[in-house]
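Remarks on the overall topology
Now for the letters of each chain:
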Amino acid sequence: MPEWILGFDVGGTKTAVVAATPAGEILEERAAASDVAGGFESMGRSMLAMAAEMTAARGRPRVAGVSIGGPLDRERGIVNSPPNLPGWDRVPLRDFLSEHLGVPTHVEHDAKAGALAEWLFGAGRGCRNLVFLTFGTGLGAGLILDGRLYAGTMGSAGEVGHWRLAEQGPEAYGKVGSWEALSSGAGLPRLARSLFPDREWPAAMSAETVVGMARAGDAPAVAAVRASSVWLGRGISLLVDLLNPEVVVLGSLAVRAGDLFLPEARRVVERECLAETRDCRIVAAGLGERIGSLAAICAALYHEGLA
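In what follows, the accompanying structure is described. (Residues numbered from 1 in each chain as written. Predicted model: local features only at pLDDT ≥ 70, side-chain atom pairs only at ≥ 80, totals over all residues. Heavy atoms only, no water.)

Attention now moves to the pairing of strand E3 (residues 26-33). Taken together, the seven bridges between strand E2 (residues 14-20) and E3 define a ladder with antiparallel strand orientation. Bridge assignment links Ala 19 to a residue of E3, and that residue is Glu 28. Joining the antiparallel neighbours E2 and E3 is a turn of five residues, in which Gly 24 adopts a positive phi near 90°. (Pairing = 2+ DSSP bridges. Helix = DSSP H or I, 4+ residues; strand = E, 2+ residues; numbered from the N terminus.)

Okay, structure coming up:
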């Protein structure tokens, strides 16, 4: 049986289990709705059940990897109450999976795992310096610096969504005017309501709702998307001047609606950045919707020394 890697992409909406080769070829993928209400006990059982179906057919994997939102203790593989997974309080996910699967398991923050995936197999392949921005429900960064994943002293490097970019505006991360509040999937509807408080917006409004309205020509929605794009560019400008990366890669919203966000963001970076840093490419994730699946695999590949 050929060598293969097992990956878990754990989210608040969906959890996927993936079998792939060390070269990044996805062999099989299974997914289930995340039973957030059932907590870790229910979701853990579901993850193991999907993995068992794969191992029954393929044998034991070489190693397993997990991509999951933080906060988490990366070194020990402990998940510390992510906002999208209530009840996951100090869950020893690495040990739980390793004991049940019988293989080494590596748990990585989803932004860092996304950076690894784009660096190894996507838009940043061949680069030594890359910034990956999740640009989904939240906004976090994964950093590849001088050809290595950078985690920081406590493993929390990349929490750029917490940056306060404005003194007024919507709130996220407990901060008014945080970058995540101004430019993310969760932030876009809040920004739209903040900019046009007298507008009667849909009661249940998501980023996809606002994007759809903008594509249909709704003027306030178009203005909200443009404002979000400007804030996106301003935050990227700070990262580009600080880190001088070759490429900034954006996931989620940039994959689905990059034509609405990226041109304005690039114009802002061109205006804001030093001349020496302007050559940085700003692109949507090259892996597209596959990035979550490959991120989990890449967490295993990188930490096991296979990449």
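Remark: helix H6 (residues 207-215) packs on helix H8 (residues 253-272), axes separated minimally by 11 Å, with the N-to-C direction vectors making an angle of 35°. As for how H6 packs across H8, the hand of that crossing is left-handed. Residues Ala 207, Glu 208, Val 211 and Arg 215 of H6 lie in contact with H8, whose contacting residues are Leu 253, Arg 256, Ala 257, Asp 259, Leu 260 and Phe 261. Class assignment of the residues belonging to the contact of H6 with H8 gives a composition of six nonpolar, no polar and four charged. (Axes fitted to C-alpha atoms, helices over the stretch in contact; angles between N-to-C directions. Left-handed = near helix turned anticlockwise from the far one by under 90°. Contact = heavy atoms within 4.5 Å. Nonpolar A, V, L, I, M, F, W, Y, C, P; charged D, E, K, R; others polar.)

Turning to the sheet that holds strand E7 (residues 89-92), a few remarks are in order. A sheet is described by the order of its strands in space; here three strands give the open sequence E5-E6-E7, paired in antiparallel fashion. Each end of this open sheet is capped by a strand with a single partner; those strands are strand E5 (72-73) and E7. Relative to strand E6 (residues 78-80), E5 runs antiparallel, the two being bridged by two bridges. In the strand pairing of E6, Asp 73 is matched with Ile 78.

This brings us to the sheet that holds E3. One open sheet accounts for five strands, arranged E3-E2-E1-E4-E8; its pairing is mixed. The sheet is open, and its two borders are formed by E3 and strand E8 (105-109), each paired with just one other strand. Direction aside, neighbouring strands of the sheet carry axes that sit 15° apart on average. The pairing of strand E1 (residues 5-10) with strand E4 (residues 63-68) spans six bridges and is classified as parallel. By the bridge assignment for E4, Ile 5 is matched with Val 63. Each of E1, E2, E3, E4 and E8 is contacted by helix H9 (residues 291-303), which is oriented at about 125° to E1, the strand it contacts most.

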